[in-house]
Amino acid sequence: MSMQSTEERGYWGSRLGFILAASGSAVGLGNIWRFPYMTGENGGAAFVFVYLMCVILIGLPLLINELALGRASGKNPVGAFRATMPGTPFVLTGFLCVILCFVVLSYYSVVAGWTLGYAVSSAMGKSLVFEDFVRNPLYMILLLGVFLVFTILIVQAGVQKGIERWSKILMPLLLVLVIVIIARSITLSGAMEGVVYYLKPDFSIISGDKAGDMVLAALGQAFFSLSVGWGLMITYGSYMPKGQNMVTGGVWVAFTDSLVAILGGFMIFPAVFAFGMEPDSGSKLVFETLPAVFAQMPAVGGLVATIFFFLLSLAALTSSISMLEVPISYILDEKKASRKAASWIVGVFAFLVGIPCALSHGSVGFLTELELFGKTGFMDIIDFVFGQILVVVISLLCSIYVGWIWKTKNAVQEIAVGSPGFAKGGGFSLSVVWSFFVKFVCPVVIGYVLYTKLWS
Ligand code: PFF
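I will try to describe carefully the structure that is included in this document. Being a predicted model, the structure only gives us computed values, none of them experimental. (Residues numbered from 1 in each chain as written. Predicted model: local features only at pLDDT ≥ 70, side-chain atom pairs only at ≥ 80, totals over all residues. Heavy atoms only, no water.)

1. Here's the deal with the overall build of the protein chain
Inclusion rule: Each helix is a run of H or I in the DSSP string that is no shorter than four residues. Each strand is a run of E no shorter than two, and both are numbered from the N terminus. For every residue, the accessible area (1.4 Å probe, protein chains only) is compared with the maximum for its type, and the residue is labelled buried under 20%, exposed over 50%, or partly exposed between those bounds. Computed with a 1.4 Å probe, the accessible areas rest on the Shrake-Rupley method; for each residue, only the protein chains presented here act as cover. Asp and Glu are treated as the negative residues and Lys and Arg as the positive ones, with His and the ends of the chain left uncounted. Taken as the charge location is NZ of Lys, CZ of Arg, CG of Asp or CD of Glu.
For the protein chain, the count of helices and strands is 20 helices and two strands. The principal-axis extents of the C-alpha atoms in the protein chain amount to approximately 55 × 50 × 40 Å. Among the 456 residues that make up the protein chain, the fraction classed as buried is 58%. Accessible area for the protein chain stands at about 17200 Å²; split by element, carbon and sulfur atoms hold 70% of it. Across the protein chain, the centroid of the 26 positively charged side chains sits 13 Å from that of the 23 negatively charged ones.

2. Some thoughts on the packing of helix 13 (residues 246–274) against helix 14 (residues 285–294)
Short version of the rule: Lines are fitted to the C-alpha atoms to define the axes, a helix being fitted only along its stretch in contact, and any angle between axes, read from their N-to-C directions, falls within 0 to 180 degrees. Each angle receives one of four descriptions, namely roughly parallel if under 35 degrees, roughly antiparallel if over 145, roughly perpendicular if within 65 to 115, and oblique otherwise. Whether two residues touch is decided by their heavy atoms; if any such pair falls within 4.5 Å, the residues are in contact. Gly is placed with the polar residues, together with every amino acid not listed as nonpolar (Ala, Val, Leu, Ile, Met, Phe, Trp, Tyr, Cys and Pro) or charged (Asp, Glu, Lys and Arg).
Interhelical geometry of helix 13 versus helix 14 gives an angle of 75° and a closest axis separation of 9 Å. In this view, helix 13 runs roughly perpendicular relative to helix 14, as classed from their interaxial angle. Here Met-267, Ile-268, Phe-269, Ala-271 and Val-272 of helix 13 lie close against helix 14, whose contacting residues are Leu-285, Val-286, Thr-289, Leu-290 and Val-293. When its residues are assigned to classes, the contact of helix 13 with helix 14 shows nine nonpolar, one polar and no charged.

3. Here's the deal with the side chain of Ser-122
Residue position: Ser-122 is located in helix 5 (residues 91–123). Overall, the relative accessible area of 14% leaves Ser-122 in the buried class. Not counting residues up to four positions away in its chain, the partners in contact with Ser-122 are Gly-302, Ala-305, Thr-306 and Phe-309.

4. Quick look at the packing of aromatic side chains
Spelled out, the test is: Between 30 and 60 degrees the pair is tilted, below 30 it is stacked and above 60 it is edge-to-face, where a pair is any two Phe, Tyr or Trp rings, Trp via its six-membered ring, whose centres lie within 6.5 Å. Geometrically, a lysine NZ or arginine CZ counts as sitting over a ring once it is within 6 Å of the ring centre and also within 35 degrees of the ring normal.
Under the defined criterion, the tally for this structure stands at 32 aromatic pairs. With a centroid separation of 5.4 Å and 40° between ring planes, the pair formed by Phe-90 and Tyr-401 is classed as tilted. With Phe-90 in the loop between helix 4 (77–84) and helix 5 and Tyr-401 in helix 18 (residues 378–405), this pair connects stretches of sequence that are 311 residues apart. The two residues Phe-90 and Tyr-401 agree in class, both being buried. With centroids separated by 5.5 Å and ring planes inclined at 85°, the aromatic side chains of Trp-404 and Phe-440 adopt a geometry described as edge-to-face. Of this pair, Trp-404 sits in helix 18 while Phe-440 sits in helix 20 (residues 430–455), and the two are 36 residues apart along the sequence. Its relative accessible area of 41% is what places Trp-404 among the partly exposed residues. Through pairs of rings, three or more aromatic residues link up here, namely Trp-114, Tyr-118, Phe-130, Phe-133, Tyr-139, Phe-287, Phe-294, Phe-308 and Phe-309. Sitting above the plane of the Phe-224 ring, Arg-34 keeps its charged end 4.3 Å from the centroid.

5. Brief notes about the packing of helix 19 (residues 408–416) against helix 20
Two packed helices can be described by the angle between their axes and the distance between those axes. To keep things clear, this is the line we draw: Helix crossings get a hand from a simple test, with the near helix turned counterclockwise from the far one by less than a right angle marking a left-handed crossing and a clockwise turn marking a right-handed one.
Between helix 19 and helix 20, the least distance of the axes is 10 Å, while the angle of their chain directions is 135°. When the axes of helix 19 and helix 20 are compared, the pair comes out oblique. In this structure, helix 19 meets helix 20 at a crossing whose hand is right-handed. Here Thr-408, Ala-411, Val-412 and Ile-415 of helix 19 lie close against helix 20, whose contacting residues are Ser-431, Trp-434, Ser-435, Val-438 and Lys-439. Its residues assigned to classes, the contact of helix 19 with helix 20 shows five nonpolar, three polar and one charged.

6. Comments concerning empty space enclosed by the protein
We count it as follows: Cavity: a set of points on a 1 Å grid over the protein atoms alone where a 1.4 Å probe fits but cannot get out. Pocket: an open set with protein on both sides within 12 Å along at least five of seven lines, its lining residues, like those of a cavity, having an atom within 4 Å of a point. Grid points are joined across faces, edges and corners, and a volume is the space filled by probe spheres set on the points.
One pass over the full model with this rule turns up one cavity of 30 Å³ or more. Around the largest cavity, the lining comprises 16 residues; the ones closest to its centre are Ser-25, Phe-224, Ser-227, Ser-319 and Met-323. Going through the elements one at a time, helix 1 (15–26), helix 2 (29–41), helix 5, helix 11 (211–226) and helix 15 (301–335) are the ones with two or more residues in the lining of the largest cavity. Along the lines of polarity and charge, the residues of the lining of the largest cavity split into eight nonpolar, eight polar and no charged.

7. A closer look at the site of the ligand
To be explicit about the condition: Here, proximity means that at least one heavy atom of the residue falls within 4 Å of the molecule or strand. Here a polar contact means two N or O atoms within 3.5 Å. Within protein one must be a hydrogen donor candidate and the other an acceptor candidate, and residues neighboring in sequence count only if both atoms are side-chain atoms. Cavities and pockets are treated as containing a molecule whenever more than half of the molecule's atoms lie within 2 Å of their grid points.
Not every one of the 15 residues close to the ligand is listed here, only the nearest: Ala-26, Gly-30, Tyr-108, Phe-224 and Ser-225. In this structure, an oxygen atom belonging to the ligand sits 2.9 Å away from a main-chain N or O atom of Ala-26. Burial of the ligand by the surrounding chains reaches 100%, relative to a free accessible area of 340 Å². For the ligand, the cavity whose grid points lie within 2 Å of the majority of its atoms is the largest cavity.

8. Describing the nonpolar core
Selection criterion: Note on terminology: a nonpolar core comprises buried Ala, Val, Leu, Ile, Met, Phe, Trp, Tyr and Cys residues joined through side-chain atoms within 4.5 Å.
Ranked by internal contacts, the top residues of the largest apolar core, which has 155 residues, are Trp-114 and Phe-308. Filtering out sequence-adjacent residues up to four positions away, Trp-114 remains in contact with Trp-33, Phe-130, Phe-133, Val-134, Met-140, Ser-283, Phe-287, His-361 and Met-379.

9. Examining a nonpolar patch on the surface
Quick note on the threshold: Within this analysis, patches are made of residues with over 30% relative accessible area and no salt bridge. Like charges are joined at 9 Å or less; nonpolar side chains (Val, Leu, Ile, Met, Phe, Trp, Tyr) at 5 Å or less. The term salt bridge refers to a pairing of a side-chain nitrogen on Lys or Arg with a carboxyl oxygen on Asp or Glu at a separation within 4 Å.
A contiguous nonpolar surface patch, about 610 Å² in accessible area, is contributed by Val-149, Leu-153, Trp-344, Ile-345, Val-348, Phe-349 and Leu-352. The set of elements that each furnish at least two residues to the nonpolar patch consists of helix 7 (137–156) and helix 16 (339–358). Broken down by element, the residue count for the nonpolar patch peaks at five residues, all from helix 16. Checked against the element boundaries, Leu-153 lands in helix 7.

10. Remarks on helix 15
The cut-off we apply is this: Expected helix span is computed as 1.5 Å times (number of residues minus one). Axes are fitted to the seven residues ending at a residue and to the seven starting at it; the angle between these axes is taken as the bend at that residue.
Spanning 35 residues, helix 15 covers 50 Å between terminal C-alpha atoms, matching the ideal 51 Å at 1.5 Å per step. In the structure, helix 15 departs most strongly from a straight axis at Val-326, where the bend amounts to approximately 30° and where the proline Pro-327 lies between one and four residues downstream. Of the residues one or two after helix 15, Lys-336 is the one with positive phi, at around 60°.

11. Observations regarding the environment of Ala-218
Of note, Ala-218 is situated in helix 11. C-alpha of Ala-218 to C-alpha of Phe-47: the two residues are 171 residues apart in sequence and 6.6 Å apart in space. Beyond its immediate chain neighbours, meaning those up to four positions away, Ala-218 contacts Phe-47, Val-50, Tyr-51 and Cys-54.

All we've got here are geometric facts, nothing functional implied.
Written out as structure tokens, the structure reads:
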């Protein structure tokens, strides 16, 4: 990422710099790990369809919404609400963003630690049994710690040019490997059933009594995957120079992110059905399915597995650094601490909060069996409260704030700088459509989904 440290409040060096950094944040475990298991838990193709609708109709307008707030204010999420309209209670939304990023960083790093563990074991030619692997408490804590130290080291240095250079080579390579794995997965015997499950929607699920859960999960997943609803795009928007086109930039990020998620599913579901596994087995889905696919690649399986898990760890790293960047940008803007001290303090706290998550997959009985809100296990409960509910609440507040308090005309003015086509065309300009979505469609749909989930 060509960005200077926020102590100088730097700017992206180029349009590509922004697209790479924002896509680096968006593409991560959310696409390869979370999307397949959410799809599996929510009935397959119908979920994929609702998910894509959520990305296009809700996620993308709100992505641009956040970028506008960030660039107009030049501030972190808390500062952005304060600067654009001082004195409103919506500043609370900014604090919620900081808390959300901090909490999710803690368990995101647990899963990233799993990918590191799988990379190391594959390199040593050892195959892992997921259940035994996650039951080893010291190893879980060690992997969590190692991953967080990498995250902290990058963020404390200011976001370095190296990452941008690396991402340019490594992310396309990840994509190539995903395609290689898809090729193996869909040619397994019995794979077609998985392709049908993934592509042929059974819409009775949308009208059934599980509909509310499914739509909420799809909406939450869209926000999780796009990094929208976390203040991340506010922060990255604040590093965007005025001349940059945030509309095409936003579309690129949403497109890349969705493409990788869809490919992630193609890697998993044909194999799940070919091996007679359960698509709704939850967060272990990818970690059980992929090793079985690698085992079907004679001679090269070990190598492909090693490179794949290593690259996935790096994709997780470009996401985790962005998650840490949100609380850090707040601290640097508002509290005047040093970047280094802030990175270590927040990182160490994330480690402490991550420990119970790391131990909730068999190593500690109480954390593993805990049940709340229909979820089992400490990490799944935290993911539900923060990664599913809070992110949706924040997105609702952001759309109400820009739509009705700060007003879309101010946002449109900001977006149009650098995006000349946006406000042109009279009654049918893109800006009119966008404003309609932010003022009406987003708050009504998000509000309704939340209402049916929480109160009916
Ligand atoms: N979008 C990332 C993923 O799909 O893995 C997760 C994420 C990163 C969410 C950064 C939010 C964020 F601020």
